[in-house]
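Architecture and fold: a report
Here is how the chains run, residue by residue.
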Amino acid sequence: MRKYIILAYISCIYLSTYGQEISTVAGVLETPGFNDGPALSARFFNPHGIATDSSGNVYIADRYNHTIRKLSPAGTVSTVAGVAGQSGSADGWGINARFNEPWGICALPDGTLYIADTRNNKIRHISPEGEVSTLAGSGNFGTTDGFQQAATFGNPTGIEFGPDGYIYVADHLTHIIRKISQDGWVSTLAGTPYIPGNLNGPGNQAQFWRPYGLTIDLEGNIIVADEWNHLIRKVTPDGIVSTLAGSGIVGAQNGQSYNASFNYPWDMTVAPDGSIYVADGYNYLIRKISTDSLVSTIAGTVLESGGVDGEGEEASFSGATSIAHCSFSNSFYIADAYNHLIRQMAGEQVQINLIHVSNQAVYCPDEQIEIRAIPSNLDNYQFWLDGEIIQAGSSPDLILNGLDAGAHTISCQTIYEGVTLITTPLNIQVSNFPTPSITIVGLEELLPGDTTTLIASGGTDYSWSNGMTGAVINITEAGVYQVEATNTAGCVGTSNPVTITEGTIYAAPAIWINGDSIICPGSQAILQTDASDNILWYRDGWPISGATESTLTVSIPGYYQVQITYSDGVTAFSTTQSLAFAETIEASIIATPNTASPGTPVSLYASGENIIDYEWELSGSSNFFEVGNNPVFIIEQTGWYDVLLVVSSQWGCTDSIFAERLIHIQADNNNPPPTTTIDTDWWIPTAFTPNGDGQNDYFQIVGNAPDNYQLNIYDQWGSLLYQGNAPWNGLSTNGQIIPNGTYTYLIYWNSNNSSETISGHITLLR
């Protein structure tokens, strides 16, 4: 037994030093079962997930045995937790715990394990001592985020521990990537729950189709085997999704990553140099994505399954569901699930390289430069800058600050298994800061309306202190201006300031009108300015001779301005004030009829334009007064009547029209006007309130009124609003509501075979 252990250990070291040979290190080909002990006589039942720790232990999620197994560097298989053939979800120590088809597993350097307990829809934790607990998941199928058992999963498969302390999970059947803090808080990092697709982008805008396994690259990105999309995807810790390799077409094409093809990829792992190794499921291959984005085949024969050991294409697989790199032995372990085997693939000969962590070729003098040696898990590193050693120790990271402008060379060396490894020198260029300058083209003193041009030079991109961008800007305001220039390296420098001042501003005089800007015929307007000296008035752009006082009386329409001349000869003009004549009011008066019997309604109408107010006065044997156009007068006394109309225009101008002896009221000799006898037993109210309260709702004669009298109601312009029998309810003849106001009434009736009339005014109040 001791001899076997020694040989197995020596074999591991040998394989890590030379060629990528595939060998079986545990299990019996195509023989499912369960037993612990020497690796090559142990049995597994679909070993699905695989992980390694810093001591060289290999951990296996033994799917159909529902157990977690361990392969030691000495070649012994043991059971960490669970009982073969007994599924469940119990927590506890070792064999007291239960699992249900665990597919995924990851290991921390100290042997702490995290398990994707797939059929339980849970994430389990196993301490280095072997205690099993549930980190997250209620056991129900779903996509609920939350704390520990409040969260749900949908058949989690891939699982990995990130350098940021989070556990990342490929939630297989819900098509999403989950993120779990070490205390069990679950959130969705990327993907659209339940919706398969292959969209790239941020967070929940991205899509996956049955993500299977995942790993973490050297920069902390999550690399996902997007199984049914036949792609290898990359997710940043912030959730931004992109495609790392694959065209999405089923195949085994090698070459540039975007042209390569895969056939249901299941898992990946990252080599020390940053290369990614892929377990390409139904191609039965192990593939490699190099750091320069080239895809190649490392082991296996495309589309040929089997369990043959050998080098390169001589080897064969049947269901390589998981792959993990072992830093202890610089080799890869493969869970060959359908063969029920654990396989080992030798790592490539160790080489040391330097990479730019910040992914830049040119830096600025004040910029921090981060360099990393790959692989990053060796014991010691010596960094050299321009031929002088500047750092030695176990850290693979070199941070430089404040390098002088110019070219620099960085190299690193280390000792691995007694061999000194030296990197190819890494060249770094540090740019000078730009020294921009500003040229003024135009005035350095600005008056209102002036523009001057500022031109920046000394960079490729420019940002001005006033928020403008570009090499050339036009400004209209005084101030202090600076520009930040950025050169091709992204370095920023600031110019000296330039000052643009304000020119002397001369105040323009103000003018105004004492009165209206519309002049009525025969009137004048007075213009006034606040200037007192050196004044000259202008009309329509021409100077008015002798108009040099602060006031100006005008009777001519036009556009007026004032010019003031300052002591240094600078002139300033006021704003323009316009004056216009109001149009002449022209009106004529018509009386209908102009000859009538006493008591006959006579309507007056004025025709003309620009009239807004009317005031009528009839003078004769008695005087009458009305306002508005088209008033109605009822004149009882015979005689000649003059009409005086005073009108107002929209500009406030007034005019009078006088019509002498326009209306003639004369008695009808053949039918003399009846004598109206007012019966003292009735009277006519002066107002009524038709509001429906039962009090004074109608206009009618009160008392012993004449029989069957008729009623006409006119508005102030003489228009007939109502005609009919009394009483009147305040509505027009066609049933419209008459608004509040005072109206003219005409009441007429027959008495003793003659017509009787009486008129007056009634006020309607609602």
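Residues numbered from 1 in each chain as written. Predicted model: local features only at pLDDT ≥ 70, side-chain atom pairs only at ≥ 80, totals over all residues. Heavy atoms only, no water.

Further remarks concern a nonpolar patch on the surface. Among the surface-exposed residues, Phe141, Tyr194 and Ile195 lie close enough to one another that they form a single nonpolar patch of about 310 Å² accessible area. Inspection of the secondary structure puts Ile195 in the loop between β16 (185-190) and β17 (201-202). Owing to a relative accessible area of 42%, Ile195 belongs among the partly exposed residues under this scheme. (Patch = residues over 30% accessible without salt bridge, like charges linked within 9 Å, V, L, I, M, F, W, Y side chains within 5 Å. Areas by Shrake-Rupley, 256 points an atom, 1.4 Å probe, with all protein chains shown as cover. Salt bridge = Lys/Arg side-chain N within 4 Å of Asp/Glu carboxyl O. Helix = DSSP H or I, 4+ residues; strand = E, 2+ residues; numbered from the N terminus. Buried < 20%, exposed > 50% of the residue type's maximum accessible area, 1.4 Å probe, protein only.)

Turning next to the sheet that holds strand β23 (residues 265-270). An order of β22-β26-β25-β24-β23 is seen for the five strands of this open sheet, with the pairing classed as antiparallel. Both outer strands of the open sheet, β22 (255-256) and β23, are each paired with one neighbouring strand and no more. As paired strands, strand β24 (residues 276-280) and strand β25 (residues 285-289) are joined by five bridges and run antiparallel to one another. Looking at the pairing, Ala279 lines up with Ile286 of β25. (Pairing = 2+ DSSP bridges.)

The next point concerns the state of the cysteines. Two cysteines, two sulfur atoms, one covalent bond between them: this is a disulfide. For the structure on display, the rule yields one disulfide. Note on cysteine connectivity: Cys364 is disulfide-linked to Cys491, with sulfurs 2.0 Å apart. Residues Cys364 and Cys491 are joined by a disulfide whose S-S torsion is about -110°; by sign, that bridge is left-handed. Taken together, the residues Cys364 in the loop between β32 (362-363) and β33 (369-374) and Cys491 in the loop between β46 (483-486) and β47 (492-494) connect sequence positions 127 residues apart. We classify Cys491 as buried; its relative accessible area is 0%. (Disulfide = S-S within 2.5 Å.)

Another aspect to go through is the environment of Asp145. Positionally, Asp145 belongs in the loop between β11 (131-136) and β12 (146-147). Beyond its immediate chain neighbours, meaning those up to four positions away, Asp145 contacts Ala151, Arg178, Val186, Ser187 and Thr188. In terms of polar contacts, Asp145 uses its side chain to reach the side chain of Arg178, at 3.0 Å. Among the polar contacts made by the side chain of Asp145, one reaches the side chain of Thr188 at a distance of 3.0 Å. (Contact = heavy atoms within 4.5 Å. Polar contact = N/O pair within 3.5 Å; in protein donor to acceptor, adjacent residues only side chain to side chain.)

For strand β13 (residues 156-161), the tally of buried residues reaches five of six residues, placing the bulk of the element in the interior. Where β13 meets strand β14 (residues 167-171), four bridges bridge the pair, whose relative direction is antiparallel. Note that in β14 the partner of Phe161 across the bridge is Ile167.

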